[in-house]
Amino acid sequence: MHGKVWTKVIKCKAAVLWGPKQPLSIEDIEVAPPKAFEVRIKILAAGICRTDDHVITGALSTNFPVILGHEATGIVESIGEGVTTVKPGDKVIPLSIPQCRKCSSCINPNGNFCLAMNVADDGVLSDSTGRFTCKGKPVYRFARNSTFTEYTVTSELLVAKIDAAAPPEKVCLIGCGFATGYGAAINTAKVTPGSVCAVFGLGGVGLSIIMGCKASGASRIIGIDTNPCKFERAKSVGATECINPKDHAKPISEVLKEITGDSVEFTFEAIGHPETIIDALASCHESHGTSVVVGVPPLSKMIAYDPMLLFTGRTWKGCCFGGWKTKDDIPKLVSDFMAKKFDFDQLITHVLPFNKIHEAFDLLNKGESIRTVLIF
Ligand code: CND
Ligand code: ZN
Ligand code: ZN
């Protein structure tokens, strides 16, 4: 079946975003064959993350036209010359962060921000060209990934081979939301048993942070969201109580101080607003607290903060994709899912066919979904 098929361009459907603040448009596109050290993947299932929506609203800039999506499961359709870590037919999760195993980030046990690719993803592969075209125009990729398409092409460094038995419509969440949140608690904050945690934002990322805090043995986990419809699910994954900032005149940092007797050790921001990033920092203990920035703020926004917040001893950290060393750790997280160490029953609220992608974004923007998974 694979013979020389890999040399051919594939014509398929994809959701193309022609510019910011425009509707996604399902188009016929061409996907070029993988070049050396590249992999072409048939997407099976893709989740929708708020970061994709940030591009649609214009909060996050990228090159246009673009194919969004960065949380998926797929099957390797073909490989380019020199690829050794995956073969056609393998079940995989395409990654947004590579793991080259050679750079100064990869060889250090802490952190995961592999230097094999630029921080600023300009939407092309390593030879500075893309693999998608639509109506004769090149279409850029997003987050080194692009999964709202039936086929995508990526570098071998950005593909994790996973258990062939893993359900694609579930483990796609390990491609972003779950891994991001769970890892922020476990790898970045290193939440300790018996600790008190506070999580700002109870979407797919925030709920996954709560799951990581619980798995680390936190004794009190406080969820914060302006949408009280999020509270029930937050509690069912481990929040011990929830707070709506709209019910309080004072900042949440002060509310938390009062209700916990100043004992919050770990705080997380999973919204992406400069104000809540600062309030989450102010919310952790002034002497030994740690605050982790997980939410993605609009690119143009700078943050002003009072240095006293740090002088007293707080630690302020951030992480991309939960700090996981991607090619090594993502298959392990899939194995943990298969071993029932956690489940996504509370995270996946909707499953829709790919052509209902507009409905999926509507559900996100109405605050009704946590994660919608699109099936191809
Ligand atoms: P989602 O939009 O589902 O959740 C955000 C939640 O925050 C919602 O429940 C909102 O109601 C709530 N909220 C909004 N404003 C406020 C406020 N002022 N106070 C309290 N709650 C509020 O988003 P998501 O969970 O998919 O993603 C969360 C953030 O994480 C978002 O900024 C996304 O871009 C980012 C992210 C980061 C990374 C990473 O690697 N660091 C990966 N993926 C997503
Ligand atoms: Zn994401
Ligand atoms: Zn590296």
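Sequence positions are assigned chain by chain, starting from 1 and proceeding in written order. Each chain takes a letter, starting from A, and each ligand takes a number, starting from 1, following the order in which they are written. Reporting in this predicted model follows two pLDDT cut-offs: at least 70 for local features of residues, and 80 or more for side-chain atom pairs to be given and counted; totals over whole chains, interfaces and linings ignore these cut-offs and use all residues. Hydrogens and waters are ignored; side-chain quantities use all the structure's heavy atoms.

### Some points on the pattern of salt bridges
This is how it is decided: Between Lys or Arg on one side and Asp or Glu on the other, a salt bridge is scored when a side-chain nitrogen of the former is within 4 Å of a carboxyl oxygen of the latter. Put simply, DSSP H or I for four residues or longer makes a helix, DSSP E for two residues or longer makes a strand, and each gets a number counted from the N terminus. Exposed residues in this analysis have more than 50% of their type's maximum accessible area, buried residues have under 20%, and partly exposed residues fall in between, with area computed by a 1.4 Å probe over protein chains only.
All told, the structure shown has 15 salt bridges when counted by the stated rule. For Asp 28, the salt bridge is made with Lys 13, and the minimal N-O distance between the two is 2.9 Å. Of the two residues, Asp 28 is situated in strand S2 (residues 25-31) and Lys 13 in strand S1 (residues 10-17); the sequence distance between them amounts to 15 residues. Judged by its relative accessible area of 37%, Lys 13 is partly exposed. The residue Glu 258 makes a salt bridge to Lys 250 at a minimum N-O spacing of 2.4 Å. For Glu 258, a relative accessible area of 54% puts it in the exposed group. One connected set of salt bridges, linked through shared partners, spans Lys 35, Glu 38, Asp 127 and Arg 131.

### Some points on empty space enclosed by the protein
Once rolled over the atoms, a probe with the size of a water molecule shows which space is left empty. Stated precisely, the cut-off is as follows: In this analysis the probe radius is 1.4 Å and the grid spacing 1 Å, with only protein atoms considered; a cavity is a set of points the probe fits into but cannot get out of, a pocket is an open set with protein on both sides within 12 Å along at least five of seven lines, and lining residues have an atom within 4 Å of a point. Grid points are joined across faces, edges and corners, and a volume is the space filled by probe spheres set on the points. Here the nonpolar group is Ala, Val, Leu, Ile, Met, Phe, Trp, Tyr, Cys and Pro; Asp, Glu, Lys and Arg are the charged ones; every other residue, Gly included, is treated as polar.
Counted under the stated rule, the structure contains one cavity of 30 Å³ or more. In this structure, the largest cavity spans a volume of roughly 30 Å³. Considering each element in turn, the lining of the largest cavity owes the most residues, three residues, to strand S8 (residues 137-141). When the residues that make up the lining of the largest cavity are grouped by side-chain class, the tally is five nonpolar, two polar and two charged.

### Concerning the coordination of the zinc ion (ligand 2)
The condition that has to hold: Here the coordinating atoms are restricted to nitrogen, oxygen and sulfur within 2.8 Å of the metal centre, or 3.2 Å for Na, K and Ca, and because water is not among them the sites may look incomplete. In short, tetrahedral needs four donors with all angles between 85 and 135 degrees, square planar needs four and octahedral six donors with opposite donors over 155 degrees apart and all other angles between 65 and 115, and whatever is left is irregular.
At the metal site, the zinc ion (ligand 2) is ligated by Cys 49 (SG), His 70 (NE2) and Cys 176 (SG), and these contacts range over 2.1 to 2.3 Å. Taken together, the four donor atoms coordinating the zinc ion (ligand 2) span angles of 83 to 144 degrees at the metal, a pattern that classifies the geometry as irregular. Considered as a linear motif, the donors of the zinc ion (ligand 2) on their single chain read C-x20-H-x105-C. Of this pair, Cys 49 sits in the loop between strand S3 (38-47) and helix H1 (50-57) while Cys 176 is found in the loop between helix H3 (168-171) and helix H4 (177-189), placing the two residues 127 residues apart along the sequence.

### Some details on the domain arrangement of the chain
Operational definition: An automatic or database domain assignment provides the domain bounds reported here. Should any heavy atoms of two residues lie within 4.5 Å, those residues are counted as being in contact. Each of two parts loses accessible area, computed with a 1.4 Å probe, when they are put together; buried area is these two losses added. Polar contact is the term for a pair of N or O atoms within 3.5 Å; when the atoms are in protein, one must be able to donate a hydrogen and the other to accept it, and sequence-neighboring residues count only if both atoms are side-chain atoms.
For the chain, the assigned domains are domain 1 (10-175 + 345-375) and domain 2 (181-320). A C-alpha centroid distance of 28 Å is found between domain 1 and domain 2. At the junction of the two partners, domain 1 supplies 16 residues and domain 2 supplies 16 residues. Between domain 1 and domain 2, a total of about 1,300 Å² is buried, with carbon and sulfur atoms accounting for 62% of that surface. Looking at the side of domain 1 facing domain 2, the largest losses of area belong to Gln 346, Leu 347 and Ile 370, adding up to 39% of the total buried there. One can count zero salt bridges joining domain 1 with domain 2. Scanning the region where domain 1 abuts domain 2 turns up three residue pairs in polar contact (both at pLDDT 80 or more). Of the residues that constitute the side of domain 1 that touches domain 2, the class distribution is six nonpolar, eight polar and two charged.

### With respect to the packing of aromatic side chains
Applicable threshold: The aromatic pairing rule takes the rings of Phe, Tyr and Trp, using the six-membered ring of Trp, and pairs them if the centres are within 6.5 Å, calling planes under 30 degrees apart stacked, those over 60 edge-to-face and the rest tilted.
Using the criterion set out here, one finds nine aromatic pairs in the structure. Ring geometry for Phe 148 and Phe 361: centres 6.1 Å apart, planes at 85 degrees, overall edge-to-face. Taken together, the residues Phe 148 in the loop between S8 and strand S9 (151-155) and Phe 361 in helix H11 (residues 357-365) connect sequence positions 213 residues apart. The exposure classification of Phe 148 matches that of Phe 361, with both residues buried. Cluster of aromatic residues (ring-pair linked, three or more members): Phe 178, Tyr 182, Phe 337, Phe 342 and Phe 344.

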